[in-house]
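The chain contents come next:
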Amino acid sequence: MIDRLHPLTIFIYFLTVSMLPAFSRNPILHLLCLVTGFIMLFTWAQVKNILKKIPFFLLFFLIISLFNPFFYHNGDTVLFYVAGRRFSLEALLFGADSALMVTGVGLWFISLSHYMTSEKVLLLFGKLSAKASTIISLVMRIIPHYSRYIKSYRRHQRILGLYGDGSFLETVKAEGKIFAGFLTWSLEHSMTTADSMTARGYGVGKRKSFKINRFRKIDFIVCFLSLCLAVFLGIVLGMGYFYTDYYPTVKMPAMSTVPTISGAVYITISLLLTINHFIKANYGFSKDKQS
Amino acid sequence: MDFLKINNLNFIYGTLNTSAKKTDGFALKDINLKIDEGDIVTLCGPTGCGKSTLLKLLKAEIAPAGDLSGEIIFCGKKLSELTAKEQSKDIALLFQNTEDQIVTDKVWHELAFGLENLGFSQADMENRIAEIIAFFRLESISKSDTGILSGGQKQLLLLATLLAMSPKLLLLDEPISALDPENAEMFISALKRLHDQTGITIIIAEHKIDYIAPISDRMVVMDGGRIICQDKPDEAIKEYRKLLPPIKREADYPKSSRGESRREAALTLKNVYYRYERNSGDVLENLEASFEKGKCHAIFGCNAAGKTTLFNLISGFYKPQEGKIIFSKKKAKIAYLPQNVELLFTAETVEQELANVGLKRSDYPNYVNRLNLLSSPYDLSGGEKQLLALAKISALNPDILLMDEPSKGMDTNLERILQSELKRFTENGICVVMSTHDLEFAYAVSDLCSILSMGKLTGFKNTEEFFETNKLYSLKRRP
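Residues numbered from 1 in each chain as written. Chains lettered and ligands numbered in written order. Predicted model: local features only at pLDDT ≥ 70, side-chain atom pairs only at ≥ 80, totals over all residues.

S.K.: Pulling in residues and values, what's your account of helix α5 (residues 118–128) of chain A?
M.R.: Because the α-helix completes a turn every 3.6 residues, residues three or four places apart line up on one side. Residues and elements named next belong to chain A. The complete set of buried residues in α5 reads Glu-119, Leu-122, Leu-123 and Gly-126. The buried residues of α5 occupy one face: seen down the axis, they fall within an arc of 100 degrees. At its buried positions, α5 is contacted by α1 (7–19) and α6 (130–159). (Buried ≥ 20, exposed ≤ 12 C-beta atoms within 10 Å, placed from the backbone. Helix = DSSP H or I, 4+ residues; strand = E, 2+ residues; numbered from the N terminus. Arc of directions from axis to C-beta. Contact = placed C-beta atoms within 7 Å.)

Now the structure itself:
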């Protein structure tokens, strides 16, 4: 299951699969990326919630598609004129392709942010630097704590009359005071946090990170396959098999053997974790509830 | 060899400090103390007596700056001669403010934090953390965010993180003063279990001595920076009570509600419902209550019973989803003393803080004399912050005064100040509503009492009647 993988694996896999197609302008690769990214959502989100989000993605897609032809006027096939400017089919198709790409990458990143919990991010950076991981952890803790505080700080100061008659000027002044007050409060309290860290030996010796995930065989396999895909697709793209151009007219590569095989390889690897997830998620579970 | 020995310790703060005023600058004077291995020793005394300062001086890395004379000998070595690693490993200190001591966002990471710093191996860390989780029964929260824990859980977690480093000496600075009785008992029982199991030496500074005395081997009573008595708990408590006599109910409160003059409601709640999320249960459910003018109402109830929610509704932070809140006076002015009184502070000094609500020096209430006007509000002790907040909100001349745990962090001397202020408020016709866990305090100051449970308030009863008829909500018999 994906959430049992090492964060480094998740990071490498998601980045490879989502970012590789972005190096070409080929709509077929972008479409594959979008479809596999969409299927990935089903590994963690409820079907109901995914369906609810579809109108949002369609709108997103439409806006990006239409953005291009309104600002770029190249392309031979003119569909109509808007305020005396050309609105060409090629620009529209290019816009649609960009939208396909952005939406596809977006879908993959939604899943990535679900699977990369703060703990996993921490583990990833803990490898690079134990200090960095402490700071990330501190920040992750402090942000919700601070936002809760500011919210009730505003409310209580309002009762104390800080906001005066509620006019714009008074509100601006009050917000300034709220900010200053919050700053003082947070500084005062961070002193205790610093003391608490010192008291527990922060900085006395070489720091080690406590890990709760380990790199397993499956992590090696997934990383290796991601790497293979990157190299393979990199070469294929570099050799121009997927070369696509939109201006002045649309040029698409012929459906020859190499692009077909490459597409198949991409689909296989980008569905790998999803399929693995569904197999693992459907057997081996006890019907009992944990007592 | 003595475990811990303090010889002729004197200490003067480097910076201006409120507590030092009455002791010629000395925060601690002629402290001589010997503590045997395996003892539980309680330091107690009025606010500002120096107990926290003494504790902090025992933890050299974070000791306050100032002039120190005399010596502290820990396990045969001068404290100042211990290496930084020895100090962080062997001496553990739990500070007063729970919230600020939590460093990381996950419970397991917090437990690992000290071990990571000391460079333990992965296998050692796993073993220690597993052991600590089992001992403190943290399994169900081990993977939670630290932010969602209750105050009691946070305090227990911090104790656990310190213990993971297996210290020889455990210093606790007011560990239960901010906890409600339920959590305080949970904490004390964990501490007792820990002591029985490991025989660790513990020094506790605390003024809720009713909880601590039964597990203490020795109590040290301090006043004005000096030790005035150290003895077995039974004897020391007598000295402590001389210094801080328990708060009493004044005789002129009416004994029963019968035959009283007509009541006048300041605030009425009718069929009020409130829940936080669409699919969660109701926190307040068909709540009905009437609060009277010129009376002090005490509301009891366990944690998460909805007391703070009720206050947030009355103060207008939330709107009731069904039902009505009716004020008898149009545009009734409400003042709200929250549990965390720092929410009321905006200025750099106590003086500015009071000036912000329009108080001139001549208008200061008497008790403001106890505060150092030039000090930052954040440098005051817990009880003193409470006093400053009280001065601020009483300057608003409210019609309705909401107080969430007003006696938090106060010793009985400060509680008496609060008592007389509350009396003044009610005599001026203010409707006071407070939520509290402190039954003794509520008995001493309130006119009417009620319990919030299952989203409803039980009908308000006259305080004397309430404490006579209720078996569980009754005053503890003191030793």
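Still more to cover.
S.K.: Could you give an account of the interface of chain B and chain A, with specific residues and numbers?
M.R.: Facing the 46 residues of chain B at the interface are 40 residues of chain A. Looking at the side of chain B that touches chain A, the element that brings in the most residues is helix α4 (residues 107–117) of chain B, giving eight residues.

S.K.: How would you explain the packing of helix α8 (residues 217–238) of chain A against helix α9 (residues 257–281) of chain A if you had to name every residue and give the values?
M.R.: All names here are of chain A. At a closest axis distance of 11 Å, the pairing of α8 and α9 adopts a crossing angle of 155 degrees. In terms of axis orientation, α8 runs roughly antiparallel to α9. Helix-helix and strand crossings are classified by hand; for α8 and α9 the assignment is left-handed. Here Leu-225, Leu-229, Phe-232, Leu-233 and Val-236 of α8 come into contact with α9, specifically with Val-258, Ser-262, Val-265, Tyr-266, Ile-269 and Leu-272. Residue composition of the contact of α8 with α9, grouped by class: ten nonpolar, one polar and no charged. (Axes fitted to C-alpha atoms, helices over the stretch in contact; angles between N-to-C directions. Parallel < 35°, antiparallel > 145°, perpendicular 65-115°, else oblique. Left-handed = near helix turned anticlockwise from the far one by under 90°. Nonpolar A, V, L, I, M, F, W, Y, C, P; charged D, E, K, R; others polar.)

S.K.: Outline the domain arrangement of chain A, supporting the account with residue identities and numerical values.
M.R.: Examined at the domain level, chain A breaks down into domain 1 (2–121 + 215–281) and domain 2 (128–199). Using C-alpha coordinates to define each centre, domain 1 of chain A is positioned 40 Å away from domain 2 of chain A. (Domains from an automatic or database assignment.)

S.K.: Any details on the sheet that holds strand β7 (residues 169–173) of chain B? Residues and values, ideally.
M.R.: Residue and element names in this part refer to chain B. Spatially, the six strands line up as an open sheet ordered β6-β7-β8-β3-β9-β10, and their pairing is mixed. Looking at the sheet topology across the chains shown, the edges are occupied by β6 (91–94) and β10 (226–231). For this sheet the average axis-to-axis angle between neighbouring strands, irrespective of direction, equals 15 degrees. Against the sheet, helix α9 (residues 233–243) touches β3 (40–44), β9 (218–223) and β10, its axis set at about 20 degrees to β9. (Pairing = 2+ DSSP bridges.)

S.K.: Before we move on, could you go through the sheet that holds strand β12 (residues 284–292) of chain B and cite the residues and values that matter?
M.R.: Residue and element names in this part refer to chain B. What the three strands build is an open sheet, ordered β12-β11-β14; its pairing is antiparallel. Two strands bound the open sheet, and with one partner strand each, they are β12 and β14 (322–327). Each strand of the sheet is rotated relative to its neighbour by a mean of 5 degrees, with strand direction disregarded. With six bridges joining them, strand β11 (residues 265–274) and β12 adopt antiparallel strand pairing. Along β12, the bridge assignment pairs Leu-269 with Ala-289. Relative to the sheet, helix α10 (residues 307–314) contacts β11, β12 and β14, its axis offset from that of β11 by approximately 115 degrees.

S.K.: Can you tell me about the confidence of the model for chain A, naming the residues and giving the values?
M.R.: Detailed conclusions should not be drawn from predicted coordinates in areas where pLDDT is low. Of all residues in chain A, 98% attain a pLDDT of 70 or more, and the chain-wide mean is 88. Looking across chain A, the model is least confident in α5 of chain A, with a mean pLDDT of 76, and most confident in helix α2 (residues 27–41) of chain A, with 94. (pLDDT = per-residue confidence, 0-100.)

S.K.: Outline the environment of Leu-79 of chain B, supporting the account with residue identities and numerical values.
M.R.: Positionally, Leu-79 of chain B belongs in the loop between β5 (77–78) and α2 (84–90). Leave out the neighbours within four places in its chain, and Leu-79 of chain B touches Ala-60, Ile-72 and Phe-74 of chain B.

S.K.: Account for the pairing of β9 of chain B, naming residues and giving values.
M.R.: Residues and elements named next belong to chain B. Within β9, six of the six residues are buried, which leaves the element mostly enclosed by the surrounding structure. Because side chains alternate across β9, one face comprises the buried residues Arg-218, Val-220 and Met-222, and the other comprises Met-219, Val-221 and Asp-223, equally buried. Here β3 pairs with β9 via four bridges, running parallel. Residue pairing across strands places Cys-44 opposite Val-221, the latter belonging to β9. Strand direction decides the pairing type here: β9 and β10, joined by five bridges, are antiparallel. By the bridge assignment for β10, Met-222 is matched with Ile-227. Taken together, β9 and the strand that follows it, β10, pair antiparallel across an intervening segment of two residues, in which Gly-224 is found at a positive phi of about 55 degrees.

S.K.: So what's going on with the domain arrangement of chain B? Which residues, and what values?
M.R.: Residue and element names in this part refer to chain B. Taken domain by domain, chain B holds domain 1 (4–243) and domain 2 (265–333 + 398–469). Domain 1 and domain 2 are separated by 34 Å when their C-alpha centres are compared. Its residues assigned to classes, the side of domain 1 that touches domain 2 shows three nonpolar, four polar and two charged.

S.K.: Which residues make up α4 of chain B, and what are the values?
M.R.: Residue and element names in this part refer to chain B. For α4, a buried count of ten out of eleven residues is recorded, marking the element as mostly surrounded by other parts of the structure. Looking at α4, one finds that the buried residues are Val-107, His-109, Glu-110, Leu-111, Ala-112, Phe-113, Gly-114, Leu-115, Glu-116 and Asn-117. Phi turns positive one or two residues past the end of α4, at Gly-119, with a value near 75 degrees.

S.K.: Give a description of the packing of α1 of chain A against α8 of chain A that names residues and reports values.
M.R.: All names here are of chain A. Contact geometry for α1 and α8: axes closest at 9 Å, N-to-C directions at 25 degrees. Between α1 and α8, the angle is such that the two are roughly parallel. Handedness of the α1/α8 crossing: left-handed. From α1, Thr-9, Ile-12, Tyr-13 and Thr-16 reach across to α8, where they touch Asp-219, Val-222, Cys-223, Ser-226, Leu-229 and Ala-230.

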